[in-house]
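So you can see what is in the structure, the chains are spelled out below.
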Amino acid sequence: MAGAAGAEEAPDNITAARDENGRYYTADDVPTFKVTEDGTVDWLTYSGFRRYHSECHVCHGPEGEGSSYAPALKTSAINMDYYDFVDVVTNGRKKVSAAENSVMPAFGENVNVMCYLDDIYVYLKARGADALPRGRPAKKEAKSDAIKDAEKACLGHE
């Protein structure tokens, strides 16, 4: 292929390279999911399903599929850089032109989103990678003590 010889291959932003107390990360230290052959999901993916459906699905549709009002987020979690995803959720984004008018509100002060942002992200990534079917995950890993402690600290319940 012409021009491909010097092209750098995009990093794998899906495959879990390491586990840190129930949190899974790619080789580039980006949060990701783990779904076993029997359908058991990691805790963050399960939590992300719950958090997405309490905060995001009203605009972005069930299971990250999108709606007539807002785009599908399951593809964003695969195609968008993780840090750009965090920035858009935290600070919002406004695109207004003759062709489009979309506004994503800032959720940076909403603890129900920010304390679970990685959960939402890995859930959407699992959906975008077709590793997780629609609906509530039937099986989940146990919530680790480290995840419990981080949640309490973020919510101010220490």
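Please refer to the structure higher up on the page.
All of the points below concern the structure found in this document. Worth saying up front: this structure is predicted, and the values here are computed from it rather than measured.

## Structural notes on the overall build of the protein
Looking only at helices and strands, the protein has seven helices and seven strands in total. Order of helices (α) and strands (β) in the protein, N terminus to C terminus: β-β-β-β-α-α-α-α-β-β-α-α-β-α. Taken along the three principal axes of its C-alpha coordinates, the protein extends 50 × 40 × 30 Å. Buried residues in the protein amount to 37% of all 158 residues. Only carbon and sulfur atoms are counted for the fraction: they give 49% of the accessible area of the protein, which is about 9300 Å². The average position of the 18 basic charges and that of the 26 acidic charges among the side chains of the protein differ by 7 Å.

## Observations concerning the nonpolar core
Counting 27 residues, the largest nonpolar core has Tyr52, Phe85, Tyr121 and Leu124 as its most contacted members. Looking at this core, the elements that each hand over two or more residues are helix H1 (43–55), helix H3 (73–79), helix H4 (82–91) and helix H6 (117–128). Counting residues per element, this core draws most heavily on H6, which supplies seven residues. Other than its neighbours up to four places away in sequence, Tyr52 contacts His57, His60, Gly61, Pro62, Glu63, Gly64, Leu73, Ile120, Tyr123 and Leu124.

## Brief notes about the environment of Gly156
Mapping Gly156 onto the fold places it in the segment after helix H7 (145–155). With a relative accessible area of 59%, Gly156 lands in the exposed category. Distance from Gly156 to Val111, taken between C-alpha atoms, is 9.8 Å for residues 45 residues apart in sequence.

## Here's the deal with unusual backbone geometry
The phi dihedral of Asn21 falls on the positive side, at around 55 degrees, and the residue is not glycine. The residue Asn21 is located in the loop between strand E1 (18–20) and strand E2 (23–25) in this model. Classification of Asn21 as exposed rests on a relative accessible area of 51%. Unusually for a residue other than glycine, Asp130 sits at a positive phi of about 60 degrees. Within the element layout of this structure, Asp130 appears in the loop between H6 and strand E7 (139–140). Taking the relative accessible area as the measure of exposure, Asp130 reaches 62% and is therefore exposed.

## Re the sheet that holds strand E3 (residues 31–32)
Read across the sheet, three strands follow the order E1-E2-E3 without closing on themselves; strand pairing throughout is antiparallel. At either end of the open sheet lies a strand with only one pairing partner, and these are E1 and E3.

## Focus on the side chain of Arg23
Residue placement: Arg23 occurs in strand E2. No salt bridge is formed by the buried Arg23, whose closest oppositely charged neighbour, Asp118, lies at an N-O distance of 4.2 Å. Contact partners of Arg23, with chain neighbours within four places excluded, come to Arg18, Leu44, Asp118, Ile147 and Ala150.

## Some words on the state of the cysteines
All chains considered together, the criterion is met by one disulfide. With no disulfide of its own, Cys56 lies 8.8 Å from the sulfur of Cys59, the closest cysteine sulfur. We classify Cys56 as buried; its relative accessible area is 15%.

## Quick look at the packing of aromatic side chains
Scanning the entire structure with this criterion turns up six aromatic pairs. Look at Tyr82 and Tyr83: their rings are 4.9 Å apart centre to centre, the planes differ by 75 degrees, and that puts the pair in the edge-to-face class. Every member of this aromatic cluster is reached through a ring pair, and the members are Tyr82, Tyr83, Phe85 and Tyr121. Here the guanidinium or amino end of Arg51 rests over the ring plane of Tyr116, the centre of that ring lying 3.6 Å away. Lys140 extends its terminal NZ or CZ atom over the ring of Tyr46, reaching a point 4.6 Å from the ring centre.

Cut-offs used in this document
Just so you know, the residues in each chain are numbered from 1, in the order the chain's sequence is written. Predicted model: local features are reported for residues with pLDDT of at least 70 only, side-chain atom pairs are reported and counted for 80 or more only, and whole-chain, interface and lining totals are derived from all residues. Hydrogens are left out, water is left out, and the side-chain values use all remaining heavy atoms of the structure. A helix here means a DSSP run of H or I that spans at least four residues, while a strand means a run of E at least two residues long, and both kinds are numbered starting from the N terminus. Exposure is judged per residue with a 1.4 Å probe applied to protein chains only, and the accessible area is read against the type maximum: over 50% gives exposed, under 20% gives buried, and values in between give partly exposed. Accessible areas in this description were obtained via Shrake-Rupley with a 1.4 Å probe; residue shielding takes into account the shown protein chains only. For the purpose of counting charges, residues Lys and Arg are taken to be positive, whereas Asp and Glu are taken to be negative. His and the chain ends are not included. Charge positions are represented by NZ for Lys, CZ for Arg, CG for Asp and CD for Glu. Buried Ala, Val, Leu, Ile, Met, Phe, Trp, Tyr and Cys residues form a nonpolar core when they are joined through side-chain atoms within 4.5 Å. Should any heavy atoms of two residues lie within 4.5 Å, those residues are counted as being in contact. DSSP calls a pair of strands paired once it identifies at least 2 bridges connecting them. Throughout this description, the term salt bridge denotes a Lys or Arg side-chain nitrogen within 4 Å of a carboxyl oxygen of Asp or Glu. Disulfide: a pair of cysteine sulfur atoms within 2.5 Å of each other. Each pair of aromatic rings taken from Phe, Tyr and Trp, with Trp reduced to its six-membered ring, is defined by centres within 6.5 Å and is described as stacked if the planes are under 30 degrees apart, edge-to-face if over 60, and tilted in the remaining cases. Two thresholds decide whether a charge sits over a ring: the Lys NZ or Arg CZ must be within 6 Å of the ring centre and within 35 degrees of the ring normal.

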